[in-house]
Amino acid sequence: MEGGKAAHHHDTARLLKAFTRTVEPRNFGIGLVAGFLLVTCAYFSTARFDAIHIAPLVSPSETRIGSPATAAAAGSKSQLDLGVPEQTLSREGSKAEVLDTDSDDGAGNKDLVHDASLADTKKDDTFARDGDAAAAVEAAKDDDDAAGALLPRLSANGTQEEQGVLEDQELLVPDALAAANSPNKSGNNGGSQPVVQSDPATIPAPVQQTPPTTTIPEAPKHEEAKAPPAQQIPLVPEPLKQQPGPEEVATAPRREWKPLCDMTSNRRIDWCELDGDVRVHGAKATVTMVGAARAEEWRIRPYPRKVDPNAMRHVTNITVRSTMTLPGAGEGECAIKHSVPALLFSDRGYTGNYFHAYTDVILPLFLTAKQYGGEVQLLVSDMQMWWIGKFLPVFKSLSNYDLVDLAADNRTRCFRHVQVGLTCHADFSIDPLRAPNGYSMVDFTKHMRGVYGLPRGLAVPAAGARPRLLLIARASTRRFVNADDIVRAAQKVGFEVVVSEGTHEVAPFAELANTCDVMLGVHGAGLTNMVFLPTGGVVIQVVPLGGLEFVAGYFRAPSRDMGLKYLEYRIAPAESTLTEQYPADHPIFTDPDGVKSKGWESLKQVYLDKQDVRLDLKRFRPLLKKAIAHIRANKLQH
């Protein structure tokens, strides 16, 4: 037994001796030191990541005013001036500075996904300075891929233009939320200024500024990270986790972009307004505004019958455009510099018709140009010299300058303001609520009387004089077949009667009309001369057969707007000469709507071109009595 114990001790001593020979004390000490260093490195590595992950959990209210994170957030706010509450900016700025997720956080930490996609530059710089970039950058890329599914990535190498456009898109949501959540924090009463989001295409991309470098408090002293550029700071509140959709963007407050031309609001005419450095080249039919904030180009026919292709076919297209760059030397240099604004219009279309001359050009020109008191240049496209000569006194009354024939003008004229197309409200009508200076049709007739030097402003006969009636005779269609009988009937009622058709010259007929108190005529352009009647006069319109009450409206409402008494007489079938051309059961009598349904030409050929009128004086006499009673009442009132 003792021998066995001795053998055992002998074996143990022999093993210790062998181990001592194999492991020298020096090597054993080195191993212990290496193990200690390995544990120490692991400990500090774990502490570093704990500091980075704990930092986002600090409440914004606990962040000291003087801390680098707060300074970065405040700096970002001053650069963008978005009117977002300061706490929101501080919180989002702090996240952007300290966020650094590994692959385990990419999908789980969803409230930080937006920030992760915007911190690429900081992460790359930090890991590069760390020295062991390979594995760390790969982990960062994994996070970026997860975030990219929700938001487009802002690359550190992206162009300034790309970053600017994306910034404009991202700012829509914060602006809308700031306006909705803090309605009393913006304005001019000491609060933040209201934010008006411009169209991204109208403003240049913001210049990227190099932000100040800050130190992350929890990181080791050698770890420094740059604050993200101002346009990369995410200002979306935490509940919003992805790029806003179209519905969200639509709610953002935006400054409405006013295009140069209006093609939709007026059913009669398209028109444009240009302010700034505006250059007109007549022979090229171009109007260009240079140095504008946005490039546009339009094609305008400046005549108020845009839905009528027959009227517009001879109206020249004017190219209206704006450019964002100034012309170089020798390009579009100003041959003539004007100190007054300009109005550009066409005198083609239907202006050969006396009524259309007024409703399509003369009246709109008054409505547009009168406000300038003569200090406006008139530019005429498609100029017809005979027509301009006919109405030359009107043009001279509205402009102190000679008219410019654009087609014959091969020079560049420069203005500060140009309107292409005249202001129009309706046919032969002005809406005072929409007119400059509240102009009305009474103002228009007063102006026209002044143009031709007409003395009578009120329809009050002179003492001892009989009221005067002007019977408008027509030479071809819609004639009064029994004009002599009408004259005698009017005289019996108490009128002095004048019969005239008028001539090419406007002035003689205007003078004649102004001497009268009542105007009588079948529907037609001759009734347009009511503009020369004195205020308080009477217009009697005779409406031919054929359901033409709708065309009678061209004079019905305008005459009342001019301060005139309007009387309308609709003839019976027996008063139409159509009964002499067609049987009583013909569709033109039994179905006038069917005739009209075939188009304007069908209506015109039958009811306007082939029809004359034979008034039934027994039916008509009461209107003559009403007219003279109205004029006599004027005399009593004045």
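The rules we used
- Residues numbered from 1 in each chain as written.
- Predicted model: local features only at pLDDT ≥ 70, side-chain atom pairs only at ≥ 80, totals over all residues.
- Heavy atoms only, no water.
- UniProt positions renumbered as here; feature names shortened; annotations may be inferred.
- Disulfide = S-S within 2.5 Å.
- Helix = DSSP H or I, 4+ residues; strand = E, 2+ residues; numbered from the N terminus.
- Buried < 20%, exposed > 50% of the residue type's maximum accessible area, 1.4 Å probe, protein only.
- Patch = residues over 30% accessible without salt bridge, like charges linked within 9 Å, V, L, I, M, F, W, Y side chains within 5 Å.
- Areas by Shrake-Rupley, 256 points an atom, 1.4 Å probe, with all protein chains shown as cover.
- Salt bridge = Lys/Arg side-chain N within 4 Å of Asp/Glu carboxyl O.
- Phe/Tyr/Trp six-rings, centres within 6.5 Å; stacked < 30°, edge-to-face > 60°.
- Pairing = 2+ DSSP bridges.
- Axes fitted to C-alpha atoms, helices over the stretch in contact; angles between N-to-C directions.
- Parallel < 35°, antiparallel > 145°, perpendicular 65-115°, else oblique.
- Contact = heavy atoms within 4.5 Å.
- Nonpolar A, V, L, I, M, F, W, Y, C, P; charged D, E, K, R; others polar.
- 1 Å grid on protein atoms, 1.4 Å probe; cavity = no way out; pocket = protein on both sides within 12 Å on 5 of 7 lines; lining within 4 Å.
- Points joined across faces, edges and corners; volume = space filled by probe spheres on them.
- Left-handed = near helix turned anticlockwise from the far one by under 90°.

Looking up the chain in an unreviewed UniProt entry gives the name Glycosyltransferase, HGA-like, putative,expressed, with the organism given as Triticum aestivum. Under the UniProt heading Subcellular location (unreviewed entry), the entry covering the chain gives this text: "Golgi apparatus membrane".

J.: Explain the state of the cysteines to me, using residue names and the numbers behind them.
T.: In total, this model carries two disulfides according to the counting rule given. Between the sulfur atoms of Cys261 and its disulfide mate Cys272 the distance is 2.0 Å. Between Cys261 and Cys272 the disulfide shows an S-S torsion of about 100°. By sign, it is right-handed. Placement of Cys261 in strand β3 (residues 261–262) and of Cys272 in strand β4 (residues 271–281) is noted, with a sequence separation of eleven residues between them. Note on accessibility: Cys261 and Cys272 belong to one class, buried. Disulfide pairing places Cys334 opposite Cys414 at an S-S distance of 1.8 Å. The disulfide joining Cys334 to Cys414 has a torsion of about -90° about its S-S bond and is therefore left-handed. Linking Cys334 in the loop between β7 (318–322) and β8 (336–337) with Cys414 in strand β12 (residues 412–420), this pair joins segments that are 80 residues apart in sequence. Here Cys334 falls in the partly exposed class, since its relative accessible area comes to 26%.

J.: Let's hear about a nonpolar patch on the surface: which residues, and what values?
T.: On the surface, Val33, Phe36 and Leu37 cluster together into a nonpolar patch covering about 320 Å² of accessible area. Its location among the elements puts Val33 in helix α2 (residues 25–54).

J.: Can you explain the environment of Arg294? Please cite residues and give values.
T.: Summarising the element assignment, Arg294 is placed in the loop between β5 (286–290) and β6 (296–300). Of the residues examined, Arg294 reaches a relative accessible area of 25% and is grouped as partly exposed. Separated by 31 residues in the primary sequence, Arg294 and Thr325 place their C-alpha atoms 9.8 Å from one another.

J.: Could you give an account of the pattern of salt bridges, with specific residues and numbers?
T.: By the definition in use, this model includes 19 salt bridges. Measuring nitrogen to oxygen at the nearest pair gives 2.9 Å for the salt bridge that ties Glu568 to Arg556. With Glu568 in strand β17 (residues 565–570) and Arg556 in helix α17 (residues 549–561), this residue pair connects regions lying twelve residues apart in the sequence. Salt bridges here are not isolated pairs; linked through shared partners, they connect Arg268, Arg305, Asp360 and Asp427.

J.: Please set out the packing of aromatic side chains residue by residue, giving values where relevant.
T.: As enumerated under the stated definition, the model contains 14 aromatic pairs in all. Each ring, one from Tyr354 and one from Phe391, has its centre 6.4 Å from the other, and the planes form 25°; the classification is stacked. Of the two residues, Tyr354 sits in helix α11 (residues 354–369) while Phe391 sits in the loop between α12 (385–390) and α13 (392–398), which places them 37 residues apart along the sequence. Of the two residues, Tyr354 and Phe391, neither departs from the other in class, the shared state being buried. Judged by centre distance (5.6 Å) and plane angle (80°), the ring pair of Phe355 and Phe428 falls under edge-to-face. With a gap of 73 residues between them, Phe355 in helix α11 and Phe428 in the loop between β12 and α14 (441–451) connect regions that are remote in the sequence. Grouping aromatic residues by their ring pairs yields a cluster made of Phe345, Tyr354, Tyr358, Trp387, Phe391 and Phe395.

J.: Explain the sheet that holds strand β13 (residues 468–472) residue by residue, including any values.
T.: The strands that make up a sheet pair up through hydrogen bonds in the backbone, lying either parallel or antiparallel. The strand order across the open sheet built from five strands is β14-β13-β15-β16-β17, with neighbouring strands paired in parallel fashion. Strands with a single pairing partner mark the edges of an open sheet, and in this sheet they are β14 (496–500) and β17. Pairs of neighbouring strands in the sheet enclose a mean axial angle of 20°, with direction left out of account. Pairing between strand β15 (residues 518–522) and strand β16 (residues 538–543): five bridges, direction parallel.

J.: Any chance you could break down the packing of α11 against α14 for me, citing the residues and the numbers?
T.: The interhelical angle for the contact between α11 and α14, taken along N-to-C directions, is 95°, at an axis separation of 10 Å. One element, α11, and the other, α14, form an angle in the roughly perpendicular class. In this structure, α11 uses Tyr358, Ile362, Leu363 and Phe366 to contact α14, whose residues at the interface are Met441, Asp443, Phe444, His447 and Met448. Along the lines of polarity and charge, the residues of the contact of α11 with α14 split into seven nonpolar, one polar and one charged.

J.: Can you break down the side chain of Asn514 residue by residue, with the values?
T.: Structurally, Asn514 can be placed in helix α16 (residues 506–514). Apart from the residues lying within four places of it in its own chain, the contact partners of Asn514 are Arg449, Leu454, Pro455, Arg456, Phe532, Leu533 and Pro534.

J.: Go over the layout of surface pockets, please, and point to the residues and values.
T.: A volume near 860 Å³ is recorded for the largest pocket. Along the walls of the largest pocket sit 27 residues, with Arg305, Tyr350, His356, Tyr554 and Trp600 positioned nearest its centre. Looking at the lining of the largest pocket, the elements with two or more residues in it are α11, α17 and α20 (600–608). Looking at the lining of the largest pocket, its residues break down into eleven nonpolar, five polar and eleven charged.

J.: Explain the packing of helix α15 (residues 483–493) against helix α21 (residues 617–637) to me, using residue names and the numbers behind them.
T.: Orientation of α15 relative to α21, taken along the N-to-C sense of each, is 45°, at an axis distance of 9 Å. The pairing of α15 with α21 is recorded here as oblique in orientation. Considering only the axes of α15 and α21, their crossing is right-handed. Taken together, the residues of α21 that come into contact with α15 (itself represented by Asp485, Ile486, Ala489, Ala490 and Val493) are Leu617, Arg621, Leu624, Lys625, Ile628 and Arg632. When the residues that make up the contact of α15 with α21 are grouped by side-chain class, the tally is seven nonpolar, no polar and four charged.

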